[in-house]
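# Descriptive analysis of the structure
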Amino acid sequence: MEKVVFEKDGYLGIITINRPERLNCFDYETLVQLREVVGQIQMDKDIRAVMITGSGEKAFSAGADLKERRNLSEQEVRRNVRMIREVFNEIENLAPPTIAAINGYALGGGLELALVCDFRYVSESAVMGLTEVSWAIIPGAGGTQRLARLIGTSKAKELILTARRVDAEKALEMGIVNKVCLTGELMSEAAQLAEEIMANGPLAVAQAKYAINHGNNSDLNTGLAIEAKAYEVIIPTEDRVEALEAFKEKRKANFKAR
């Protein structure tokens, strides 16, 4: 059975971590398969948004597979941590916007996966936390850095150093997630967000995401320069001309990502 399932629904790509019997934990083979799927998305210019979720009703992902981890050598542990860090970085740098549909537990590496996504929609029953210090390790796939940038240093330290878990409403209050959804409506709500994004010029969406992500870690002047360069990329595109023609003709634009 595939540990990572990838489907396409029109312009939408859907990634499902498919180990429900292990709360969708990441063993090495799961990370390898996830990286292969990410590579497919990088090469597929038709994909305009990506949703990531977990199989079953209990978990988005409960993080590293500790059953596997118990039997690994130190070198193999380093291999796994390097792999999860690299594939999560690749997901963060995907051109299409990414939406984590968090359908249950998102713990340790599971929350770190959600943090690399552009948006986090959660079911009302979701539980989240960077719980690594309770296992005498630390978040190793970007959690210490991304959570602090998202909610502030002090709040991130409080969650990470206590290994505290938070429910969906608390995560929303803290700014970790974008929206809390009724459990049965999570996927449709996340898909609706994807549809709203995909209705716009795909090249413009990708460049706007690039400018925000890279400018956010820079000073204002550098960020403005990044924005200017991103705008330059859009000027010669067919989609920009199509948008103006559609406005003139009072019709919906037909964007072709060109």
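Our subject in this report is the structure included herewith. None of the values given here were measured: they were computed from a predicted structure.

### Some words on the environment of Ala163
If you trace the backbone, Ala163 turns up in the loop between helix H6 (153–162) and strand E9 (166–167). Given a relative accessible area of 16%, Ala163 falls into the buried group. In this structure the C-alpha to C-alpha distance between Ala163 and Val133, which are 30 residues apart in sequence, comes to 6.1 Å. Each residue touching Ala163, except ones within four places of it in the same chain, is listed here: Leu130, Thr131, Val133 and Ser134.

### Some points on the packing of helix H4 (residues 109–116) against helix H5 (residues 143–151)
Relative to each other, H4 and H5 sit at 55 degrees, their axes nearing to 10 Å. Considered as vectors, H4 and H5 are oriented oblique to each other. The two elements H4 and H5 meet at a crossing, and its hand is left-handed. Contact residues: H4 offers Glu112, Leu115 and Val116, while H5 offers Gly143, Arg146, Leu147 and Leu150. Tallied by class, residues from the contact of H4 with H5 come to four nonpolar, one polar and two charged.

### Considerations on the side chain of Asp239
Checked against the element boundaries, Asp239 lands in helix H11 (residues 238–249). Buried within the structure, Asp239 lacks any salt-bridge partner; its nearest side chain of opposite charge belongs to Arg48, at an N-O separation of 6.0 Å. Here the side chain of Asp239 touches Ala257 through a polar contact of 3.0 Å, landing on its backbone nitrogen. Ignoring sequence-local partners within four residues, the contact set of Asp239 consists of Pro202, Leu203, Phe255, Lys256, Ala257 and Arg258.

Scoring rules and cut-offs
- Residues numbered from 1 in each chain as written.
- Predicted model: local features only at pLDDT ≥ 70, side-chain atom pairs only at ≥ 80, totals over all residues.
- Heavy atoms only, no water.
- Helix = DSSP H or I, 4+ residues; strand = E, 2+ residues; numbered from the N terminus.
- Buried < 20%, exposed > 50% of the residue type's maximum accessible area, 1.4 Å probe, protein only.
- Contact = heavy atoms within 4.5 Å.
- Axes fitted to C-alpha atoms, helices over the stretch in contact; angles between N-to-C directions.
- Parallel < 35°, antiparallel > 145°, perpendicular 65-115°, else oblique.
- Left-handed = near helix turned anticlockwise from the far one by under 90°.
- Nonpolar A, V, L, I, M, F, W, Y, C, P; charged D, E, K, R; others polar.
- Lys, Arg positive; Asp, Glu negative; His and termini not counted.
- Salt bridge = Lys/Arg side-chain N within 4 Å of Asp/Glu carboxyl O.
- Polar contact = N/O pair within 3.5 Å; in protein donor to acceptor, adjacent residues only side chain to side chain.

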